[in-house]
Amino acid sequence: MVPLARLVLPLAAIVTMAVFAGSALQAQQGKVGTTADACPVIEGCTVASGRYRILLPPRPHAEPLGAIMYFHGYQGSADETIADPGLVAVARRLGVALIAPDGAGRTWSYPGSPARHRDEFAFVGQVLDDALPRFSIDPHRILASGFSQGGSMVWYLACRMPQRFAAFAPIAGAFWEPLPESCQGPRPPLIHVHGTSDATVPLAGRALRSSARQGDVFKSLSILAPAGCTAGWAEDARAAPAPGTLICRVAKGCGDQARLELCLHGGGHVADAAWVERAWRLTMPAGSPVAARRGGLTSP
């Protein structure tokens, strides 16, 4: 088996936080004070297939911005994403835009999903085509991230639209059945985080009442990198991380230099904005790696 690089990072206690909306969004923006909502407050920014929201940092220089495009979970919304204090704080620290696409029907219609509202790949392309020139965003410095069903959306973007993003950071979501037979190349950098006690989206996936079925994380990894460089990871995952740790495995021998990493924690269906920040610092040319720590994502 190909040797794996293992990194054990500290993980603080899980803190449950409430979802901000409406007046709370305005209060949070006032508190941060350095991030501006660039879309109309009610309708957001609109494209042919839907809407999105975007927060922009101060622009002391003229160079294009980097951006994090974050996909909310099932029953979430773009409004909740830009009201999330953890994500807003990460965008502020990194000096990047936070782009929040809005799921049609508060869900995502990727392959295998019970929803069939629209072509999500066309929608994401429309958001990028609208936001990049409109807000002067660097097309080479965009990270796609998301939680739960939004995490699965990120996996499909990594498979179908790898050239439109610099890197991918899905959390607690993977491909759904039937799994893709293959993905477009070149393989992009991807850092996936998942809880070994996650019962909502288990590592092995599960069948839903709608007859849809969530896919297996380890099979998803093997599709994205079919060279066998993640072989043995499922067996290793049976030993759950000790409480308070995040164990990360970096794949070796995948045939290219793109980072492929799986980070496991002993918790359940949770997300942390610090994991998004860590992925940015590890995959973007500028910046240095940071340890993952609790930041508290509030969107579902």
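Because the structure is predicted, anything quoted here is derived from the model rather than measured.

> What should I look at first to understand the overall build of the protein chain in this one?
For the protein chain, the count of helices and strands is 8 helices and 11 strands. Counting across all 300 residues of the protein chain, residues that qualify as buried make up 56%. Taking contacts inside the protein chain between residues at least 6 apart in sequence as the whole, the part at least 24 apart equals 66%. On the protein chain, roughly 12,000 Å² of surface is accessible, and the fraction owed to carbon and sulfur atoms is 56%.

> How should the packing of aromatic side chains be read in this particular structure?
Each aromatic ring pair is summarised here by two numbers: the centre-to-centre distance and the angle between the ring planes. The tally for this structure, following the rule as stated, stands at 6 aromatic pairs. Ring geometry for phenylalanine 71 versus tryptophan 108: centroids 5.2 Å apart, planes at 70°, classification edge-to-face. A residue pair is termed long-range when its members are at least 10 positions apart, and phenylalanine 71 in strand β5 (residues 65–71) and tryptophan 108 in the loop between β6 (97–101) and α4 (120–135) qualify at 37 residues. With a relative accessible area of 0%, tryptophan 108 lands in the buried category. With 5.2 Å between their ring centres and 65° between their planes, tryptophan 155 and phenylalanine 175 make a pair best called edge-to-face. Residue tryptophan 155 is found in helix α5 (residues 149–160), and its partner phenylalanine 175 is found in the loop between β8 (167–171) and β9 (190–195); the two are separated by 20 residues along the sequence. Of the residues examined, phenylalanine 175 reaches a relative accessible area of 0% and is grouped as buried. Following the ring pairs from residue to residue traces out a cluster consisting of Tyr110, Trp155, Tyr156, Phe175 and Trp176. The ring centre of phenylalanine 123 lies 3.6 Å from the NZ or CZ of arginine 118, which sits over that ring.

> How should the state of the cysteines be read in this particular structure?
Simply put, the disulfide is a covalent bond whose two ends are the sulfur atoms of two cysteines. Tallied over the entire structure, the rule returns 3 disulfides. A disulfide bridge connects cysteine 159 with cysteine 183, and the sulfur atoms are separated by 2.1 Å. A torsion of -100° about the S-S bond marks the disulfide between cysteine 159 and cysteine 183 as left-handed. With cysteine 159 in helix α5 and cysteine 183 in the loop between β8 and β9, the pair connects residues that are 24 residues apart, well separated along the chain. Exposure remark for cysteine 159: the relative accessible area of 3% places this residue in the buried category. For cysteine 248, the disulfide goes to cysteine 263, at an S-S distance of 2.1 Å. One disulfide, between cysteine 248 and cysteine 263, carries an S-S torsion of 115° and so falls in the right-handed class.

> Would you mind showing me how to read the nonpolar core here?
Where a protein is soluble and globular, its nonpolar side chains tend to be buried together. Formed by 55 residues in total, the largest nonpolar core has its most connected members in Tyr52, Ile54, Val124 and Ile137. Among the elements that line this core, the one with the most residues is α4, at 8 residues. When residues no more than four places from it in sequence are discounted, the contact partners of valine 124 are Met69, Phe71, Met153, Leu157, Met161 and Phe165. Ile68, Ile171, Ala279 and Met284 belong to the second largest nonpolar core, which has 32 residues in total.

> Explain the environment of histidine 192 here, please?
Within the element layout of this structure, histidine 192 appears in strand β9. Considered as a pair, histidine 192 and alanine 174 are 18 residues apart in the sequence and their alpha carbons are 8.9 Å apart. Setting aside chain neighbours within four positions, we find histidine 192 in contact with Trp155, Pro170, Ile171, Ala172, Gly173, Val217, Glu261, Leu262 and Cys263. Of note is the side chain of histidine 192, whose polar atom sits 3.2 Å from the side chain of tryptophan 155. In terms of polar contacts, histidine 192 uses its side chain to reach the backbone carbonyl oxygen of proline 170, at 3.4 Å.

Conventions used here
Residues numbered from 1 in each chain as written. Predicted model: local features only at pLDDT ≥ 70, side-chain atom pairs only at ≥ 80, totals over all residues. Heavy atoms only, no water. Helix = DSSP H or I, 4+ residues; strand = E, 2+ residues; numbered from the N terminus. Buried < 20%, exposed > 50% of the residue type's maximum accessible area, 1.4 Å probe, protein only. Contact = heavy atoms within 4.5 Å. Areas by Shrake-Rupley, 256 points an atom, 1.4 Å probe, with all protein chains shown as cover. Phe/Tyr/Trp six-rings, centres within 6.5 Å; stacked < 30°, edge-to-face > 60°. Lys NZ or Arg CZ within 6 Å of the ring centre and 35° of its normal. Disulfide = S-S within 2.5 Å. Core = buried A, V, L, I, M, F, W, Y, C linked by side-chain atoms within 4.5 Å. Polar contact = N/O pair within 3.5 Å; in protein donor to acceptor, adjacent residues only side chain to side chain.

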